[in-house]
Amino acid sequence: MPAVIMDGKALGLKIRENLRLKCAQLDVVPSLAVILAGEDPASLSYVTAKEKALDEAGMKSHDIRLPENVNEDVLLSTINDINNNEKIHGILVQLPLPKHINEERVISAIDPKKDVDCFHPVSAGKMFLGSGGFLPCTPHGVLCLLREYNIPVSGSHVVIVGRSNIVGKPLANLLIRREFNATITVCHTGTHDITGFTKQADILIAAAGMPALIKKDMIKENAVVIDVGVNRVSDNSAKKGYRLCGDVDPDVAGKASFLTPVPGGVGPMTIAMLLQNVLEAAMLSKE
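What you see is a predicted model, and the numbers here were worked out from it, not measured in a lab.

**Student:** Is there a simple way to think about the overall build of the protein chain in this case?
**Tutor:** A count of helical and extended segments in the protein chain gives 9 helices and 11 strands. Taken over the C-alpha trace, the protein chain has a radius of gyration of 19 Å; the compact-globule value for 287 residues is 19 Å, and the two agree within 12%. In terms of its C-alpha atoms, the protein chain occupies a principal-axis envelope of roughly 55 × 45 × 35 Å. Each of the 287 residues in the protein chain was classed as buried or not, and the buried ones make up 48%. Put simply, 72% of the contacts in the protein chain that link residues at least 6 apart link residues at least 24 apart.

Okay, here's the thing in structure tokens:
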């Protein structure tokens, strides 16, 4: 039997509608500053999608576009101004930044109370300790999908392929919390015999950024497969000259029990969780 396709787009829209209703009841308009340095096509696309989602949810987006050659001190000064602006509740710096910019320094300049991406060391520390604060958007979106489809996580062996600070590491940290109670294995480029681990997974999460890395013969029968990867591959038959694909080969659908599509799986959930964090930041600003 083919895998059940986990519709992140539908769930994301449902969450966003709920957020829109909550926003309408507030006496403040949740507001996010979106900073984009340069004109990377993928980044422009992501920023546009986020800004559209904010508008539809009744939130406000402050669009700050900076040139590719922007001086790092100018960028830091821009962030500092937003930190001190009480009308803006969240800050999102679109990554990756131009190569001459120190990404770590920029992220650390964001006020943790406005760090809706949960990249600041203080935000990451709170998440690690389970002591409150925002949850990182993509990992949180994955958890919401697992809940929505009633995937049993407690006691399951979850194998994560990828150890990034954005997905792999925080997701592993969240899934070992008592509320999820999973057993975690994290694979990466230094792992010998990745297939030996992926075939043990009850739940396999692919977040390596490598097109079609996970093949059908790398998973066990009826595994739940979450594809976090979003990769652009050349395709002359496509209108834009490329197509999007995940880290999981589509043939996996014939063996998995549940599978997220790319696009339409984890991506829409990431945006929904971002909006949720912006709403929480606005509510916290009133306390």
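**Student:** Please explain the environment of Leu11 as it appears in this structure.
**Tutor:** Residue placement: Leu11 occurs in helix α1 (residues 8-24). Along the primary structure Leu11 and Cys144 are separated by 133 residues, whereas in three dimensions their C-alpha atoms are 8.8 Å apart. Setting aside residues up to four positions removed in sequence, Leu11 forms contacts with Cys144, Leu145, Glu148 and Met269.

**Student:** In this structure, what is going on with the packing of helix α6 (residues 137-148) against helix α9 (residues 266-284)? I would like to understand it.
**Tutor:** The description of two helices packed together rests on the angle between their axes and the distance between the axes. Close contact between α6 and α9 brings their axes to 8 Å; oriented N to C, the two are set at 110°. On the basis of the axis angle, α6 is roughly perpendicular to α9. With respect to the hand of their crossing, α6 and α9 are arranged in right-handed fashion. Every residue of α9 that contacts α6 at Cys137, Thr138, His140, Gly141, Val142, Cys144 and Leu145 is listed here: Val266, Met269, Thr270, Met273, Leu274, Gln276 and Asn277. Of the residues that constitute the contact of α6 with α9, the class distribution is 8 nonpolar, 6 polar and no charged.

**Student:** Sorry, what's going on with the side chain of Asn173 here?
**Tutor:** Locating Asn173 in the fold gives a position in helix α7 (residues 168-175). Not counting residues up to four positions away in its chain, the partners in contact with Asn173 are Met127 and Phe128.

**Student:** Explain the sheet that holds strand β7 (residues 203-206) to me, please; I cannot follow it from the model alone.
**Tutor:** Across a sheet, paired strands are connected by hydrogen bonds in the backbone, their directions being either parallel or antiparallel. Strand order in this open sheet of 6 strands is β1-β11-β8-β7-β5-β6, and the pairing throughout is parallel. Unpaired on one side and paired on the other, β1 (4-5) and β6 (183-187) mark the two borders of the sheet. Strand direction decides the pairing type here: strand β8 (residues 224-227) and strand β11 (residues 258-259), joined by 2 bridges, are parallel. When the sheet's bridge partners are listed, Val225 is paired in β11 with Leu259.

**Student:** Would you explain α6 in this entry?
**Tutor:** What sets the pattern is the α-helix's 3.6 residues per turn: residues three or four places apart point alike. Taking 1.5 Å of rise per residue, the 12 residues of α6 would be expected to cover 16 Å, and the 16 Å separating its terminal C-alpha atoms lies within 8% of that figure. Along α6, 10 of the 12 residues are buried, which leaves the element largely enclosed by surrounding structure. Among all positions of α6, only Cys137, Thr138, Pro139, His140, Gly141, Val142, Leu143, Cys144, Leu145 and Leu146 are buried. Looking at the packing, one finds that the buried side of α6 touches α1, α7, β7, β8 and α9. Downstream of α6 by a residue or two, Asn150 has a phi angle that is positive, lying close to 55°.

**Student:** Would you mind showing me how to read the sheet that holds strand β3 (residues 60-66) here?
**Tutor:** Strands sit in the order β3-β2-β4 across an open sheet of 3 strands; the sheet is parallel. Looking along the sheet, the strands with just one partner apiece sit at the ends: β3 and β4 (90-93). The mean angle between the axes of side-by-side strands here comes to 20°, regardless of whether they run parallel or antiparallel. Pairing between strand β2 (residues 31-37) and β3: 7 bridges, direction parallel. Looking at the pairing, Val34 lines up with Asp63 of β3. Sheet strands in contact with helix α3 (residues 72-83) are β2, β3 and β4, and its direction is about 180° off that of β2.

Conventions and cut-offs
- In this numbering scheme, every chain counts its residues from 1 along its sequence in written order.
- In keeping with the predicted nature of the model, local features appear solely for residues at pLDDT of at least 70, side-chain atom pairs appear and are counted solely at 80 or more, and the whole-chain, interface and lining totals rest on all residues.
- Neither water nor hydrogens contribute to the side-chain values; these are computed over all heavy atoms in the structure.
- For helices the rule is a DSSP run of H or I covering at least 4 residues; for strands it is a run of E covering at least 2, with both sets numbered from the N terminus onward.
- Throughout, the radius of gyration refers to the C-alpha atoms, and the reference size of a globule is 2.2 Å times the residue count to the power 0.38.
- Note on classification: 1.4 Å probe, protein chains only; a residue is buried when its accessible area is under 20% of the maximum for its type, exposed when over 50%, partly exposed between these limits.
- Residues count as neighbours in contact if any of their non-hydrogen atoms are within 4.5 Å of one another.
- Interaxial angles span 0 to 180 degrees and are taken between N-to-C directions of axes, which are lines fitted to C-alpha atoms, for helices over the stretch in contact.
- Roughly parallel means an angle under 35 degrees; roughly antiparallel, over 145; roughly perpendicular, 65 to 115; everything else is oblique.
- Helix crossings are classified by the rotation of the near helix relative to the far one: an anticlockwise turn of less than a right angle makes the crossing left-handed, while a clockwise turn makes it right-handed.
- For this classification, the nonpolar set comprises Ala, Val, Leu, Ile, Met, Phe, Trp, Tyr, Cys and Pro, the charged set comprises Asp, Glu, Lys and Arg, and every other residue, Gly included, is treated as polar.
- At least two bridges found by DSSP between two strands is the condition for calling them paired.
- An expected span of 1.5 Å times one less than the residue number is assigned to each helix.

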